[in-house]
Amino acid sequence: QVQLVESGGGLVQPGGSLRLSCAASGFTFSTYAMSWYRQAPGKERELVNSITSTGGTTTYADSVKGRFTISRDNAKNTVYLQMNSLKPEDTAVYYCNARSGYVRYWGQGTQVTVSS
């Protein structure tokens, strides 16, 4: 069955870095666009950035431009989110999303907490 399993979240101090991973299985990963979303407490889910099946990237959240980078390894069926210069406002549950046409898959999310 389809699975998206996020990992790499945790507690980090402001200014620190984390790399999130999302391991995919059960579908043809290389043909899907992949995205990272996040949802902070009391807020709507927000699209952070996306990467096409061929590696083109788009950052949608202005607040992370220059700090967060999405990448993928099709050989490993994994998408990554490198997060640098983390701020307390980056605290959220981060979700991995796979998209192809009208098909959408979601991971269960991983908590990122930025706090001193």
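This is a predicted model, so every value here is computed, not measured. (Residues numbered from 1 in each chain as written. Predicted model: local features only at pLDDT ≥ 70, side-chain atom pairs only at ≥ 80, totals over all residues. Heavy atoms only, no water.)

Student: How do you make sense of the nonpolar core when you look at a structure like this?
Tutor: Here is a general trend for soluble globular proteins: nonpolar side chains tend to be buried in one another's company. Counting residues in each nonpolar core, the largest one holds 28 residues, and the members touching the most others are Met34, Trp36, Val79, Met83 and Tyr94. Sequence-distant contacts of tyrosine 94, defined by excluding residues within four places in its chain, comprise Glu6, Leu20, Trp36, Tyr37, Arg38, Phe68, Leu81, Met83, Gly109, Thr110 and Val112. (Core = buried A, V, L, I, M, F, W, Y, C linked by side-chain atoms within 4.5 Å. Buried < 20%, exposed > 50% of the residue type's maximum accessible area, 1.4 Å probe, protein only. Contact = heavy atoms within 4.5 Å.)

Student: In this structure, what is going on with the state of the cysteines? I would like to understand it.
Tutor: Applying the stated rule across the entire model yields 1 disulfide. For cysteine 22, the disulfide goes to cysteine 96, at an S-S distance of 2.1 Å. Across the disulfide from cysteine 22 to cysteine 96, rotation about the S-S bond amounts to roughly -80 degrees, and the bridge is consequently left-handed. With a gap of 74 residues between them, cysteine 22 in strand 3 (residues 18-25) and cysteine 96 in strand 9 (residues 92-100) connect regions that are remote in the sequence. By the burial criterion, cysteine 22 is buried, and cysteine 96 matches it. (Disulfide = S-S within 2.5 Å. Helix = DSSP H or I, 4+ residues; strand = E, 2+ residues; numbered from the N terminus.)

Student: Got a minute to help me understand the pattern of salt bridges in this structure?
Tutor: Oppositely charged side chains can form a pair if their charged atoms are brought close together. Within the structure shown, the criterion is met by 4 salt bridges. Between glutamate 46 and arginine 38 there is a salt bridge, with its nearest N and O atoms 2.8 Å apart. Since its relative accessible area comes to 29%, glutamate 46 is described here as partly exposed. Taking relative accessible area as the criterion, arginine 38 reaches 6% and is therefore assigned buried. Arginine 38 is the salt-bridge partner of aspartate 90, the closest N and O atoms lying 3.0 Å from each other. Of this pair, aspartate 90 sits in the loop between strand 8 (78-83) and strand 9 while arginine 38 sits in strand 4 (residues 33-39), and the two are 52 residues apart along the sequence. (Salt bridge = Lys/Arg side-chain N within 4 Å of Asp/Glu carboxyl O.)

Student: Help me understand the pairing of strand 3 in this model?
Tutor: Walk down a regular strand and you will see the side chains alternate between the two sheet faces. Two strands pair when backbone bridges link them, and strand 1 (residues 3-7) and strand 3 are joined in this way by 5 bridges, in the antiparallel orientation. Its bridge partner being in strand 3, leucine 4 is matched across the sheet by alanine 24. Where strand 3 and strand 8 come together, 6 bridges link them in antiparallel fashion. Its bridge partner lying in strand 8, leucine 20 is registered against leucine 81. (Pairing = 2+ DSSP bridges.)

Student: What is the right way to read the sheet that holds strand 3 from this model?
Tutor: Paired through backbone hydrogen bonds, the strands of a sheet run either parallel or antiparallel to each other. The 4 strands are arranged 1-3-8-7 in an open sheet whose pairing can be described as antiparallel. Taken across any chain shown, the strands that pair with only one partner, and hence form the sheet edges, are strand 1 and strand 7 (68-73). Ignoring which end each strand starts from, the neighbouring axes of this sheet average 15 degrees apart. (Axes fitted to C-alpha atoms, helices over the stretch in contact; angles between N-to-C directions.)

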